[in-house]
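Residue-level structure breakdown
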Amino acid sequence: MSTTFESSESQCPLCGTEQVQGYYEAEEMMIGLRERFRYCKCSGCGSLRLMEPPADLSKYYPSEYYSYDWKAVKEGYATRLKRAFRRLRVLSVLEDPSTLGKIANLVRPAPKQIECLKGLGISRDDFILDVGCGVGAIVNELANAGFKHVRGIDPYLSKPILYDTGAAVETAELNELPRREEWDVIMMSHVLEHLPRQHERFEEVRLRLRINGLFIVRVPLVDSAAWEKYGVHWVQLDAPRHFFLHTRKSLAILSSKHGFALQSVRYDSDAFQFWGSEQYLNGIPLMHHQSYARSPRQSPFSAGQIADFSRRALELNAQGLGDQASFAFRRIN
Ligand SMILES: [Zn+2]
């Protein structure tokens, strides 16, 4: 994996401002390599950007980073009961919230990528594309719930897969798809921040979305309480995998420049911003055996602390200060 990068030393590639608010050094802490990477914060839009990305990024994306276990996804739909449960859950979020559906979502909540489609008037006839879909967990959820035209693409998928649910996933990047205005919804969940050339990404989406179509972007946000509290130890900074940490302002600039209007924002941060950042502060990488991600019992956190982190995350989301959100942009021209 290699990448060309806009020169970011002098000018913010998002808003064009030359002034820098501050420079930071963050360590690689997901794997725990502890190599240092420089970021700078733009005075104009408040975004954070990686200044000198490594030429070869592949060592920062270990194979276990990707959840490319398509057999596990298939297993999730193996019985009639499993399919019915998943269908009930998704339709309760996206259409009518039935009592049974609400219970299903309490027992096992629908993925956040489904939640972020709520209230946007998405119909089962819409053409929906998930960019950076992994093995297609979300397109399967939708196809199983009766959405007829769902497709996922991911450049790191080893082979295309057509699931029994009707969901199709293939190995591709968005710019390899035809420039036809054929999609009603294009989703990117925690993908954009990994990519160089942010303006091009918005343009690539615009050229493939129908007028009035929706671009759903989920990203970490640096204008958040977690960044303010933890700084370079903030878990979602994720050096050097994250090239850009956006703010509401930087996304507003990008989206309006490329013909989009913001329809809604949904904050969906969770306990991760606290336990992950606390771990980094105390030198525990995300993939370490004592990490909460690996073993809650060996981790430094009690169940009570995690519950408290979750409560605080909900409060921050309500205040618009959570460290991640999903933005629904509508293509207006
Ligand atoms: Zn900027």
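The structure contained in this document is the topic of the report that follows. (Residues numbered from 1 in each chain as written. Predicted model: local features only at pLDDT ≥ 70, side-chain atom pairs only at ≥ 80, totals over all residues. Heavy atoms only, no water.)

Before going further, it helps to spend a moment on the packing of aromatic side chains. Under the counting rule described, the total for this entry stands at 13 aromatic pairs. On the basis of an interplanar angle of 70° and a centroid distance of 6.4 Å, the ring pair of Trp227 and Trp234 is categorised as edge-to-face. Across the pair, Trp234 and Trp227 agree in class, each one buried. With 5.7 Å between their ring centres and 75° between their planes, Phe301 and Phe309 make a pair best called edge-to-face. We classify Phe309 as buried; its relative accessible area is 7%. An aromatic cluster is built from Phe272, Phe274, Trp275, Tyr292, Phe301 and Phe309, whose rings are joined through pairwise contacts. Over the face of the ring belonging to Tyr77 we find Arg86, whose NZ or CZ atom lies 4.8 Å from the ring centre. (Phe/Tyr/Trp six-rings, centres within 6.5 Å; stacked < 30°, edge-to-face > 60°. Buried < 20%, exposed > 50% of the residue type's maximum accessible area, 1.4 Å probe, protein only. Lys NZ or Arg CZ within 6 Å of the ring centre and 35° of its normal.)

Glancing now at helix α5 (residues 137–144). With 7 of its 8 residues buried, α5 lies for the most part within the structure. Where α5 is concerned, the buried positions are Ile138, Val139, Asn140, Glu141, Leu142, Ala143 and Asn144. Phi turns positive one or two residues past the end of α5, at Gly146, with a value near 105°. (Helix = DSSP H or I, 4+ residues; strand = E, 2+ residues; numbered from the N terminus.)

Reading across from one edge, β1-β2-β3-β10 is the order of the 4 strands in this open sheet, with antiparallel pairing throughout. Each of the sheet's edge strands pairs with one partner strand only, and the pair in question is β1 (20–27) and β10 (244–245). Sheet topology note: the β1/strand β2 (residues 36–42) ladder contains 7 bridges and is antiparallel. Paired with Gly22 across the bridge in β2 is Lys41. (Pairing = 2+ DSSP bridges.)

A few words now on the coordination of the zinc ion. Protein coordination of the zinc ion is provided by Cys12 (SG), Cys15 (SG), Cys42 (SG) and Cys45 (SG), with donor distances spanning 2.3 to 2.4 Å. Taken together, the 4 donor atoms surrounding the zinc ion define angles of 98 to 115° at the centre, an arrangement classified as tetrahedral. (Donors = N, O, S within 2.8 Å, 3.2 Å for Na, K, Ca; no water. Tetrahedral: all angles 85-135°; square planar, octahedral: opposite > 155°, others 65-115°.)

With 62 residues, the main nonpolar core has Tyr39, Phe215 and Leu237 as its most contacted residues. Formed by 32 residues, the second largest nonpolar core is a distinct cluster that contains Ile138, Val150, Val169 and Val185. (Core = buried A, V, L, I, M, F, W, Y, C linked by side-chain atoms within 4.5 Å.)

What follows deals with the side chain of Ser255. By the secondary structure assignment, Ser255 is in helix α8 (residues 248–257). The exposure class assigned to Ser255 is buried, which follows from its relative accessible area of 3%. When residues no more than four places from it in sequence are discounted, the contact partners of Ser255 are Phe202, Phe260 and Phe329. (Contact = heavy atoms within 4.5 Å.)

With mixed pairing, the 8 strands of this open sheet are ordered in space as β6-β7-β5-β4-β8-β9-β12-β11. Looking along the sheet, the strands with just one partner apiece sit at the ends: β6 (161–162) and β11 (260–267). Examined bridge by bridge, strand β4 (residues 127–131) and strand β5 (residues 149–153) share 5 bridges and lie parallel to one another. Paired with Asp130 across the two strands is Gly152, which belongs to β5. The sheet contacts of helix α6 (residues 198–206) involve β8 (183–189), β9 (209–220), β11 and β12 (324–331), and relative to β9 the element is tilted by about 145°. With respect to the sheet, α8 is in contact with β9, β11 and β12, its orientation differing from that of β11 by roughly 150°. (Axes fitted to C-alpha atoms, helices over the stretch in contact; angles between N-to-C directions.)

By secondary structure assignment, the location of Glu75 is in helix α1 (residues 70–75). Under the relative-accessibility criterion, Glu75 is labelled partly exposed at 46%. Linking Glu75 and Thr165, residues 90 residues apart in sequence, is a C-alpha distance of 12 Å.

With that out of the way, let us pick up the pattern of salt bridges. Pairing between side chains of opposite charge can happen when the charged atoms of each approach one another. The final tally for this structure, using the stated rule, is 24 salt bridges. Note that Arg38 and Glu52 form a salt bridge whose closest N and O atoms lie 3.2 Å from each other. Pair noted here: Arg38 is in strand β2 and Glu52 is in the loop between β3 (48–50) and α1, with a separation of 14 residues, a long-range link. On the basis of relative accessibility, which here comes to 31%, the residue Arg38 falls in the partly exposed class. For Arg266, the salt bridge identified is with Glu115, shortest N-O distance 3.7 Å. (Salt bridge = Lys/Arg side-chain N within 4 Å of Asp/Glu carboxyl O.)

With that out of the way, let us pick up α6. Every buried residue of α6 is accounted for by Gln198, Arg201, Phe202, Glu204, Val205 and Arg206. Residues of α6 that are buried in the fold lie against β8, β9, β10, α8, β11 and β12.

On to the pairing of β9, then. One face of the sheet, then the other: side chains in a regular strand alternate in exactly this way. Among the 12 residues of β9, 9 are classified as buried, and the element is accordingly described as predominantly covered. Here β8 runs beside β9; their pairing, made up of 6 bridges, is parallel. By the bridge assignment for β9, Met187 is matched with Ile216. Taken together, β8, α6 and β9 constitute a β-α-β crossover, and its handedness is right-handed. Summarising the sheet, β9 and β12 pair through 7 bridges and their orientation is antiparallel. The partner of Val217 across the bridge, within β12, is Phe327. (Right-handed = clockwise from strand over helix to strand, strands pointing away.)

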